[in-house]
Amino acid sequence: TAALPLSSATGGNPYIEAVKELENPANHVAFTAAEMRANNCWPLEDPHGPGYAPTPQEVQEYARYLGIDTVHERALLWIAYRGLSTPLPWGWRACATNDGATYFVDFS
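Let me begin by describing the structure that accompanies this report. The structure displayed is predicted, hence computed values, not measured ones.

1. Thoughts on the overall build of the protein chain
Helices and strands together make up the secondary structure of the protein chain, namely 4 helices and 3 strands. In the protein chain, the succession of α and β elements from N to C terminus is α-α-β-α-α-β-β. For the protein chain, the residues scored as buried account for 21% of the 108 residues in total. Long-range contacts, defined here as pairs at least 24 residues apart, represent 43% of the contacts in the protein chain between residues at least 6 apart. Approximately 8000 Å² of the protein chain is accessible, and the part contributed by carbon and sulfur atoms is 59%.

2. What about the pairing of strand β3 (residues 102–106)?
Direction of pairing for strand β2 (residues 92–96) relative to β3: antiparallel, over a ladder of 5 bridges. Across the sheet, the residue bridging to Ala 94 is Phe 104, located in β3. In textbook terms, the turn of a hairpin is the stretch between consecutive antiparallel strands, and for β2 and β3 this stretch comprises 5 residues, one of which, Gly 100, has a positive phi near 95°.

3. Side note on the nonpolar core
Of all hydrophobic cores here, the largest spans 5 residues; its members are Val 59, Ala 63, Ile 68, Leu 77 and Ala 80. Broken down by secondary-structure element, the contributors of at least two residues to this core are α3 (56–66) and α4 (77–85). Apart from the residues lying within four places of it in its own chain, the contact partners of Leu 77 are Val 59, Gln 60, Ala 63, Ile 68 and Thr 70.

4. Notes on the side chain of Thr 97
Checked against the element boundaries, Thr 97 lands in the loop between β2 and β3. The class for Thr 97 is buried, based on a relative accessible area of 16%. Sequence-distant contacts of Thr 97, that is, excluding residues within four places in its chain, are made with Asn 40, Trp 42 and Tyr 103.

5. Thoughts on the sheet that holds strand β1 (residues 42–43)
Across the sheet, 3 strands lie side by side as β1-β2-β3; this open sheet has antiparallel pairing. The outermost strands of the open sheet, each flanked by one partner alone, are β1 and β3.

6. Focus on a nonpolar patch on the surface
The grouping of Tyr 65, Leu 66, Leu 76, Trp 78 and Ile 79 at the surface amounts to a nonpolar patch, some 540 Å² of accessible area in total. Taken together, the elements giving at least two residues each to the nonpolar patch come down to α3 and α4.

7. Topic: the packing of α3 against α4
Between α3 and α4, whose axes approach to 8 Å, the crossing angle comes to 105°. The angle between the axes of α3 and α4 places the two elements in the roughly perpendicular class. Along the contact surface, α3 presents Glu 58, Val 59, Gln 60, Tyr 62, Ala 63 and Leu 66, while α4 presents Leu 77, Ile 79, Ala 80, Tyr 81, Gly 83 and Leu 84. Here the residues of the contact of α3 with α4 sort into 9 nonpolar, 2 polar and 1 charged.

8. Quick word on the packing of aromatic side chains
Taken as a whole and judged by the stated rule, the model has 1 aromatic pair. With centroids separated by 6.0 Å and ring planes inclined at 15°, the aromatic side chains of Tyr 62 and Tyr 65 adopt a geometry described as stacked. Residue Tyr 62 and its partner Tyr 65 are located together in helix α3, separated by 3 residues, close to a single helical turn.

Conventions and cut-offs
- Residues numbered from 1 in each chain as written.
- Predicted model: local features only at pLDDT ≥ 70, side-chain atom pairs only at ≥ 80, totals over all residues.
- Heavy atoms only, no water.
- Helix = DSSP H or I, 4+ residues; strand = E, 2+ residues; numbered from the N terminus.
- Buried < 20%, exposed > 50% of the residue type's maximum accessible area, 1.4 Å probe, protein only.
- Contact = heavy atoms within 4.5 Å.
- Areas by Shrake-Rupley, 256 points an atom, 1.4 Å probe, with all protein chains shown as cover.
- Pairing = 2+ DSSP bridges.
- Core = buried A, V, L, I, M, F, W, Y, C linked by side-chain atoms within 4.5 Å.
- Patch = residues over 30% accessible without salt bridge, like charges linked within 9 Å, V, L, I, M, F, W, Y side chains within 5 Å.
- Salt bridge = Lys/Arg side-chain N within 4 Å of Asp/Glu carboxyl O.
- Axes fitted to C-alpha atoms, helices over the stretch in contact; angles between N-to-C directions.
- Parallel < 35°, antiparallel > 145°, perpendicular 65-115°, else oblique.
- Nonpolar A, V, L, I, M, F, W, Y, C, P; charged D, E, K, R; others polar.
- Phe/Tyr/Trp six-rings, centres within 6.5 Å; stacked < 30°, edge-to-face > 60°.

Here you go:
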């Protein structure tokens, strides 16, 4: 029997990783509007697919949000870039409160 190839990015089997993504509970969150309002949890769609790269403007805006001085602390912009481009862990999804604040939930 031939061995399955290992994914260099994850260090694991790419077929298993693909199955995990399909079974990711964060991808299958289904609440009624009444449940979302009552729980103060509005699951948000992830607008960024695999391989997403934020624009320089997005990086600058997020860096300022994080408190990075974009003029004097340019060496720290990588933190904002990684924060925007790194996918959420398996099972996690962004949600919004009834007043629009964003937070993250582990649905696994």
